[in-house]
Amino acid sequence: QIRTIEDQKAVGLLQGYPSSGQLGNSISQQQPQQQDSAQAQPAKQSPATSRPLKPCRMPYVLEESPDASCRMVGITLEWTCEFSKAGVTEYQLQKKKLDANDFEVVYEGKETECVIDLLPGDYVFRVRARNFQGTGAFSQELVYITHDPREATKTPVPMTEGGRAAEAHLNKVAKQVIDSGPSALGDMELASTLANALNEARRQKLDLMNKDIVYKSSTML
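Reading the values: rules and limits
- Residues numbered from 1 in each chain as written.
- Predicted model: local features only at pLDDT ≥ 70, side-chain atom pairs only at ≥ 80, totals over all residues.
- Heavy atoms only, no water.
- Phe/Tyr/Trp six-rings, centres within 6.5 Å; stacked < 30°, edge-to-face > 60°.
- Helix = DSSP H or I, 4+ residues; strand = E, 2+ residues; numbered from the N terminus.
- Salt bridge = Lys/Arg side-chain N within 4 Å of Asp/Glu carboxyl O.
- Buried < 20%, exposed > 50% of the residue type's maximum accessible area, 1.4 Å probe, protein only.
- Pairing = 2+ DSSP bridges.

Digging into the packing of aromatic side chains
Going through the model one piece at a time under the given rule, you end up with three aromatic pairs. Geometrically, the ring pair formed by Trp79 and Tyr91 is edge-to-face, given 6.2 Å between the ring centres and 65° between the ring planes. Of the two residues, Trp79 is situated in the loop between strand 2 (73-78) and strand 3 (90-97) and Tyr91 in strand 3; the sequence distance between them amounts to 12 residues. Ring geometry for Trp79 against Tyr107: centres 6.0 Å apart, planes inclined by 50°, an arrangement best described as tilted.

Pasting the structure below:
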């Protein structure tokens, strides 16, 4: 009586179970067909992973909420990515003090805006996107300067030469937005130009010299 599989294979009693030599021949005969099939039908890539991510646009300040009763300023940062509809799985927003070396992650998720509370100081923000193919490059850096909200209730800060230049440039860009009319909606190049102008205006502390134009331009953005 044959009790083991090996014994049964040896005498060919296990039906449908090829011997080691037959198994090798069977595989060698099937391999060319599998290779031909693979060549005939190349692997398909998902649309979400078929293209690498380009850098997101520089984040910009959508809204400011200063609290005159304390030193905090709440800002809403927003950003866009050209491939936001092509498989972005996550955005990462980073922040650091202007004189610091290392960034810290302040937001990770699928939203394209984030509310952050800041103490007076000079900050740098950048954002990048991720999808199933990898991580995109960082955006252009936004330099954002916050001031103590209580300073606004004091004597206005005297206008400086840098402030005048920033004011003139901001007025020029704002006029471009107004002249563009409805076509300005969705014009990300124009929005980026306005964001950069606002960035320079805050760097020059124009929000302490001419608060109205900075507020109007922020609302326009």
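Quick word on the environment of Tyr215
Tracing the backbone shows Tyr215 in helix 6 (residues 211-220). Each C-alpha atom of the pair Tyr215 and Glu63 lies 8.9 Å from the other, and the pair is 152 residues apart in sequence.

Some points on the pattern of salt bridges
Going through the model one piece at a time under the given rule, you end up with seven salt bridges. Between Lys175 and Asp179 there is a salt bridge, and its shortest N-O distance comes to 2.8 Å. In this pair, Lys175 and Asp179 both sit in helix 3 (residues 161-180), four residues apart, roughly one turn of the helix. Between Glu200 and Arg203 there is a salt bridge, with the nearest N and O atoms lying 3.2 Å from each other. With Glu200 and Arg203 both in helix 4 (residues 188-203) and three residues apart, this pair spans about one turn of that helix. According to the relative accessible area criterion, Arg203 is partly exposed, its value standing at 38%. What emerges from the salt-bridge pattern is a single network uniting Glu90, Glu108 and Arg130.

Here we look at the pairing of strand 8 (residues 142-146)
For strand 8, the tally of buried residues reaches five of five residues, placing the bulk of the element in the interior. Relative to strand 8, strand 6 (residues 121-131) runs antiparallel, the two sharing five bridges. Residue pairing for strand 8: Val124 is matched across the bridge by Val143.

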